[in-house]
Every structure is written in C-alpha cells, then in structure tokens.
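A structural walkthrough
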Amino acid sequence: MKIIADENMPNAKALFSHLGDVELVNGRTITNSQIKNADVLLVRSVTKVTRELLEGSSVRFVGSATIGVDHIDLDYLTEAGIEFSSAPGCNAEAVADYVFSGLSHLYMTKKLSWLNKKIGVVGYGNVGKTVYDRFTNLGCQVCVYDPFKDNEAGAANFVALDEILSCDVISLHAPLTTTGSFPSKGMIGSKELAQLSAGTAVISAGRGGVIDEEALLERHSQLNGDIHLVIDVWDTEPEINQDLVSIVDIATPHIAGYSKQGREKGTWMVYQALCRHLAISSQSVNKSDAISSGWLSSIDVVASGDQEEMLARSVQAIYDVARDDVRLRFKYRENKENNVFDWLRKHYVERDEFNTCAVGAINNDVSSLVCAVGFSKK
C-alpha cells in the first residue's frame with residue numbers, strides 16, 4: 001500500500017510505515033501526478049483536496065490531521081466512494097493555550113486587564129467549547145455565539161452576535177463557510193466592527209476570512225489604534241496582509257493549534273481511523289508513545305496580589321506567543337525564503353501544551369486558578 005503524507009505531519013513515518021510505503025511531500029504544492037498511484041492521502045489544512053487533485057488516482061482513503069474541513073471537497077469524496085476522516089478536537093487545548101498566551105501578553109505589555117471583563121466567544125465547536133470552559137472555570141462573565149448550537153439548552157450562555165460585539169474580549173473560533181443559513185465568510189465586517197468599543201481585544205484563531213481585513217484596518221484607524229489585536233489566521237494565506245501585520249499586537253502564521261501534542265494527536269487520530277478503514281487493530285502502537293510529554297513537567301507558583309500577573313507568568317513559562325510574533329516579523333523583514341509563511345510553519349519551534357505541566361502552589365485557590373487556564377494539578 002502506498003501512503004502519501006504531508007511532510008509537516010509529525011510521526012507520519014513512524015506511525016504509518018508498518019501499514020505501507022510512506023512518502024512525505026509538500027502539502028501546499030501536491031499534484032495529481034504525485035498521488036496517482038497512492039492508496040492513502042494524508043494531509044493538513046494547506047492541501048485543497050478536490051476532484052482535480054484526486055480524479056483518476058487510486059486513493060481510497062483521505063485523512064486530514066486537522067479539525068477543519070473547509071479544504072476538503074466532501075461531496076466529491078462521497079461521490080467517488082473515498083472514505084474520509086479528520087481529527088476534530090485534536091488541537092482544542094493548543095488553541096485555547098494560544099488565546100490565554102495572547103491575553104497574558106496584552107496584560108504584561110499593556111496592562112490590559114481581562115479577568116473581570118466580559119468575554120465573548122464565537123463558535124462552540126471543540127475549540128470554542130474548550131476556550132469557553134476555561135473562561136467559565138476562571139469565573140469570568142462569558143457568552144458564546146453559535147447559531148448551529150444555540151438549541152443545546154443549558155450547554156452554555158448562548159447570545160446573539162450583537163451581544164458578542166459588545167464584549168471586552170472577543171475570541172473567534174468559527175469555521176470558514178460560504179454557504180448555508182449562516183455563512184461565516186466576512187461575518188465580522190464593517191457593520192459588526194463598528195459596534196466594537198475602544199479598548200476591545202480581538203483574538204482571531206479560527207479561520208482567515210471570517211474577519212473582513214480591510215474593514216478591520218479601517219476600524220483600527222477610526223479608533224485611533226485603541227483596539228488590541230491578536231491575529232493567527234489570514235484571509236489570503238499563505239500571502240498575508242502586511243498592512244494588518246503592522247498594526248496588530250501579535251501576528252502569527254496560523255500556528256495557534258501547533259502545539260507538539262496537538263499535532264501529534266491529529267496524526268494519531270488519523271492513524272486510528274485508517275486502521276479502522278483497513279479493519280486492523282491500532283494497538284500495535286501505544287498512544288503514550290505517539291504523543292509526547294512536556295519538557296517542563298511541573299512548576300511551583302508563588303501567590304501574588306495580582307492574579308492576572310500570576311496567571312500571565314505561569315502561562316508564559318510554557319508558551320509565550322510573543323516569540324512567534326517576533327519570528328514572523330523578523331523572517332518577513334529578512335525575506336530570504338520563497339514562502340515565508342509556510343517556512344515558518346514547516347520550521348516551527350515546538351511548544352508544549354499547558355496540560356503537560358503540573359502546578360504546585362501554596363494554597364488550593366492559587367492552584368485552582370492556574371489549573372483553570374489548562375495546567376494539570378500536582
């Protein structure tokens with residue numbers, strides 16, 4: 001069996017080699033001729049899996065080691081009888097870590113207080129729910145907009161989009177859609193951005209295109225720059241709007257879900273799905289061997305009178321998002337790579353998830369607060 005896999009899928013050869021011959025390729029530039037004789041295609045979000053890519057090939061299984069499916073032509077796969085599996089939830093913890101690292105950066109650099117402010121979350125899938133739950137566990141006033149989930153009575157504090165836009169912190173985790181009753185493409189446009197107050201913090205870590213970038217630039221100007229922006233996803237990836245980069249607090253190359261463990265979980269989930277497709281056991285590989293432990297197994301937190309600083313310093317001990325922002329700006333300024341955006345993703349400096357680190361503290365209240373943002377407890 002021939003397996004074609006994105007070269008940025010961690011552990012791809014280690015996990016799949018006992019099932020067949022694994023060839024690693026550039027997921028962004030993959031062609032029909034490369035996969036013509038393949039039986040299995042394993043991708044990430046940069047590969048557009050379409051009729052043009054697959055038609056005439058021998059591929060019978062497509063696996064995407066990511067949570068989204070906007071890069072997959074599901075109708076064609078069904079028509080062609082090609083089985084598909086993705087990895088929903090694999091990077092939920094990683095994206096939530098990104099959100100709180102972004103807020104920690106804003107607090108440490110601008111003293112932007114958020115713990116006692118109103119929080120709005122857009123999207124209540126695996127990622128949005130994880131983010132929502134963390135804010136809830138911290139005791140924040142949090143609400144969520146998701147027209148596809150708001151009938152889940154009691155699951156969360158569902159509100160209209162207008163109420164989200166009145167929040168002090170807005171965290172975006174909607175998938176990118178262009179059809180249906182509630183398409184998300186351009187969902188946050190001029191009309192919506194006009195409702196943002198000065199001092200609002202916006203974190204975009206879902207899909208590029210949900211925010212109208214030109215409208216965001218205009219709103220930033222109208223507010224005289226008094227808006228705080230953490231942007232991970234971009235409308236025209238891998239090309240990104242450098243005018244927008246120049247005004248945001250944090251700019252990163254679609255790596256919010258790029259924790260070491262999150263990426264490994266994506267590969268692991270696709271591996272399990274392929275084993276099911278082949279009707280063989282996945283028990284020949286242990287999950288604990290496929291997903292790494294963290295470099296820093298525990299930290300001791302000293303309580304301070306400033307809870308947000310305590311949280312920020314704890315978060316930044318594991319992941320400081322500013323390092324990714326600095327690296328992006330430097331590589332674009334240096335401009336030595338043919339495709340800086342994809343180079344940054346391919347050569348990403350690995351980071352661990354908060355949950356790989358256990359917290360010790362002088363009292364249970366402090367420990368509970370830090371664990372609420374995703375750390376485990378000693």
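Treat the numbers as computed from the prediction; the structure is a model and nothing was measured. (Residues numbered from 1 in each chain as written. Predicted model: local features only at pLDDT ≥ 70, side-chain atom pairs only at ≥ 80, totals over all residues. Heavy atoms only, no water.)

1. Description of empty space enclosed by the protein
According to the stated counting rule, one finds three cavities of 30 Å³ or more in the structure shown. As a volume, the largest cavity reaches approximately 70 Å³. Its residues assigned to classes, the lining of the largest cavity comprises six nonpolar, three polar and two charged. Put simply, the second largest cavity is a space of about 40 Å³. What lines the second largest cavity is L165, I170, L172, I188, L193, L196, V202 and I211. Its residues placed into classes, the lining of the second largest cavity shows eight nonpolar, no polar and no charged. (1 Å grid on protein atoms, 1.4 Å probe; cavity = no way out; pocket = protein on both sides within 12 Å on 5 of 7 lines; lining within 4 Å. Points joined across faces, edges and corners; volume = space filled by probe spheres on them. Nonpolar A, V, L, I, M, F, W, Y, C, P; charged D, E, K, R; others polar.)

2. Here's the deal with the UniProt feature "binding site: substrate" (unreviewed entry) in the protein chain
Mapped onto the present numbering, the UniProt feature "binding site: substrate" (unreviewed entry) falls on S45, T66 and Y258. Taken together, the annotated residues stretch across 214 residues yet fold into one region, lying no more than 12.0 Å apart by C-alpha. Of the annotated set named above, S45, T66 and Y258 line the largest pocket. Residue position: S45 is located in the loop between strand 3 (40-43) and helix 3 (51-54). Of the residues examined, S45 reaches a relative accessible area of 17% and is grouped as buried. Non-local contacts of S45, meaning those with residues more than four positions away in its chain, are made with T66, H71, R207 and R345. For Y258, the residues in contact, after removing those within four places along its chain, are R44, R263, R345, Y348 and R351. (UniProt positions renumbered as here; feature names shortened; annotations may be inferred. Helix = DSSP H or I, 4+ residues; strand = E, 2+ residues; numbered from the N terminus. Buried < 20%, exposed > 50% of the residue type's maximum accessible area, 1.4 Å probe, protein only. Contact = heavy atoms within 4.5 Å.)

3. Looking at the environment of T177
Within the element layout of this structure, T177 appears in the loop between strand 8 (169-172) and helix 8 (190-193). Between the alpha carbons of T177 and V233 there is a distance of 15 Å; along the sequence they are 56 residues apart. Discounting chain neighbours no more than four positions away, the residues touching T177 are F182, P183, S184 and K185.

4. A short note on helix 6 (residues 126-137)
Along its 12 residues, helix 6 runs 16 Å from first to last C-alpha, staying within 8% of the 16 Å computed at 1.5 Å per residue. Buried residues in helix 6 make contact with helix 5 (92-110), strand 6 (118-122), strand 7 (141-145), strand 8 and helix 16 (364-372). (Expected span 1.5 Å × (residues − 1).)

5. A look at the side chain of N91
Mapping N91 onto the fold places it in the loop between strand 5 (83-85) and helix 5. Not counting residues within four places of it along the chain, the set of residues in contact with N91 comprises I67, V127, G257 and G262.

6. Let's talk about the pattern of salt bridges
For the structure on display, the rule yields 22 salt bridges. For K260, the salt bridge identified is with E264, shortest N-O distance 3.3 Å. Separated by four residues within a single helix, K260 and E264 lie in helix 11 (residues 260-277), roughly one turn from each other. On the basis of relative accessibility, which here comes to 3%, the residue E264 falls in the buried class. (Salt bridge = Lys/Arg side-chain N within 4 Å of Asp/Glu carboxyl O.)

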